[in-house]
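# A structural walkthrough
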Amino acid sequence: MDGMRFIKMHGLGNDFVIVDGRAGPPALDGDAVRALSDRRRGIGFDQLIVMAPPSAPGADAAFAVLNADGSAAEACGNAARCVAGLLMDELGRDVVHIETASRRLEARREASGVRIDMGAPVFDWRRIPLAAEADTDRLALAADGLEGPAAVNMGNPHAVFLVDDAEAVDLARIGPRLEQDPIFPERANIGVAALVGPDRLRVRVWERGAGLTPACGTGACAAAVVAHRRGLCGRRVETVLDGGSLEIAWSEDDRVLMTGAFAYSFRGRLPP
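This one's a predicted model, so the numbers in the text were calculated from it and none came from an experiment.

Rules and cut-offs
- Residues numbered from 1 in each chain as written.
- Predicted model: local features only at pLDDT ≥ 70, side-chain atom pairs only at ≥ 80, totals over all residues.
- Heavy atoms only, no water.
- Helix = DSSP H or I, 4+ residues; strand = E, 2+ residues; numbered from the N terminus.
- Rg over C-alpha atoms; globule rule 2.2 N^0.38 Å.
- Contact = heavy atoms within 4.5 Å.
- Areas by Shrake-Rupley, 256 points an atom, 1.4 Å probe, with all protein chains shown as cover.
- Buried < 20%, exposed > 50% of the residue type's maximum accessible area, 1.4 Å probe, protein only.
- Core = buried A, V, L, I, M, F, W, Y, C linked by side-chain atoms within 4.5 Å.
- Polar contact = N/O pair within 3.5 Å; in protein donor to acceptor, adjacent residues only side chain to side chain.
- Salt bridge = Lys/Arg side-chain N within 4 Å of Asp/Glu carboxyl O.
- Expected span 1.5 Å × (residues − 1).
- Phe/Tyr/Trp six-rings, centres within 6.5 Å; stacked < 30°, edge-to-face > 60°.
- Lys NZ or Arg CZ within 6 Å of the ring centre and 35° of its normal.

This part is about the overall build of the protein. What the protein contains, in helices and strands, is 4 helices and 19 strands. The C-alpha radius of gyration of the protein comes to 18 Å, within 12% of the 19 Å expected for a compact globule of 272 residues. With respect to the principal axes defined by its C-alpha atoms, the protein has extents near 50 × 35 × 30 Å. In the protein, of all internal contacts separated by at least 6 residues, the share reaching a separation of at least 24 is 61%. Total accessible area on the protein is roughly 11400 Å²; 49% of this is exposed by carbon and sulfur atoms.

We now examine the environment of R230. Assignment of secondary structure puts R230 in the loop between α4 (217-229) and β16 (236-241). Here R230 falls in the partly exposed class, since its relative accessible area comes to 22%. Separated by 68 residues in the primary sequence, R230 and L162 have C-alpha atoms spaced 9.0 Å apart. Look past the residues within four positions of R230 in its chain and what remains in contact with it is D137, R138, G148, P149, A150 and L162.

On to unusual backbone geometry, then. Put simply, I128 and P129 share a cis peptide bond, and its omega is -10°. Topologically, P129 is positioned in the loop between β8 (113-117) and β9 (142-143). Even without a glycine there, the phi angle at D199 is positive, about 55°. Looking at the secondary structure, you find D199 in the loop between β13 (189-197) and β14 (200-207). A relative accessible area of 34% places D199 in the partly exposed class. The phi dihedral of D254 falls on the positive side, at around 75°, and the residue is not glycine. The topology assignment puts D254 in the loop between β17 (244-250) and β18 (256-260).

Turning our attention to the nonpolar core. One finds I18, I116 and I248 to be the most contacted residues of the largest nonpolar core, which totals 54 residues. I248 has contacts with A220, C221, A224, R235, R236, V237, T239, V256, L257 and M258, leaving out every residue within four places of it along the chain.

Time to look at the side chain of N156. Mapping N156 onto the fold places it in the loop between β11 (150-153) and β12 (157-162). With a relative accessible area of 4%, N156 lands in the buried category. At 2.9 Å, the side chain of N156 and the side chain of H158 are in polar contact. Residues in contact with N156, not counting those within four places in the same chain, are E74, A75, N189, R208 and T218.

Here we come to the pattern of salt bridges. Considering all chains together, one arrives at 23 salt bridges under this definition. Residues D60 and R93 are paired through a salt bridge, measuring 2.7 Å at the closest nitrogen-oxygen approach. Pair noted here: D60 is in the loop between β3 (47-52) and β4 (61-67) and R93 is in the loop between α2 (77-91) and β6 (95-99), with a separation of 33 residues, a long-range link. In this structure, the salt-bridge partner of D124 is R126, at a minimum N-O distance of 3.1 Å. For D124, a relative accessible area of 31% corresponds to the partly exposed category. Residues participating in the shared-partner salt-bridge network are K8, D15, R39 and D46.

What follows covers α4. End to end, α4 covers 19 Å across 13 residues, agreeing with the expected 18 Å (1.5 Å per residue, within 8%). Within α4, the full set of buried residues consists of G217, T218, G219, A220, C221, A222, A223, A224, V225, V226 and A227. At the exit of α4 stands G231, carrying a positive phi of roughly 85°.

Counted according to the given criterion, the structure contains 3 aromatic pairs. Measuring from centroid to centroid gives 6.4 Å for F123 and W250, while their planes differ by 50°, and the two rings are tilted. Within this pair, whereas F123 is found in the loop between β8 and β9, its partner W250 is found in strand β17, the two being separated by 127 residues in sequence. Between F262 and Y264 the ring centres are 6.1 Å apart and the planes differ by 75°, which places this aromatic pair in the edge-to-face class. Note that R229 overlies the ring of F123, its terminal NZ or CZ placed 3.8 Å from the centroid. Looking at R235, its charged tip hangs above the ring of W250, at a distance of 4.6 Å from the centre.

So, in structure tokens, the structure goes:
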């Protein structure tokens, strides 16, 4: 691991350390990831992103996601924008295709950042996944007066509570318990969303394996889809997260398009 190069990037404050494993997988185990994620003793990040060679023709690269606690995640929308922007700058192109553990994504450079085609939302309980058959539009899950969240998979599992005031929810307290509720065999991201204007949602997310995050791309997608299905907004919405806004559009052909900014923070080498 000594001397391995990395790039620190973020999407609306959701921050990542990106290492290039396209020439060979880096020797990073769970202990190393947890040490590097420490914001006082390490570099600090929500997720470690490992780029890898693509497995399918037509893709430009693949990437894997490791949470700050060392666990793996299937997808990360903000990381996808960062990796896409990195590849666009590297390849000199405005369109790239990237693979995650769960989906292949198309990314396109826009004036406001990068637009990612996140694919179709999944509502089948087996594929979220849930531990048993349930109505994914209203789960029998409750905490602190919140109840009946909708479950959706946007490349990773989400439970979204629609609330009157997203700021009033003590997400830091209830998030860890709900994330690990037995109904979620692979844990879940826990979000709250409130309608704050026409086609405008305030969204906050407790991210599985990382905790409260300034922004969660897949969480914004999940909230927009759930709010539209409940009749609160149209198919195109602005989702306002702690770190900034993402535009989410759920197309008539069932594709969820996420558009937002990404940024470079710094480059360096990993310490031994």
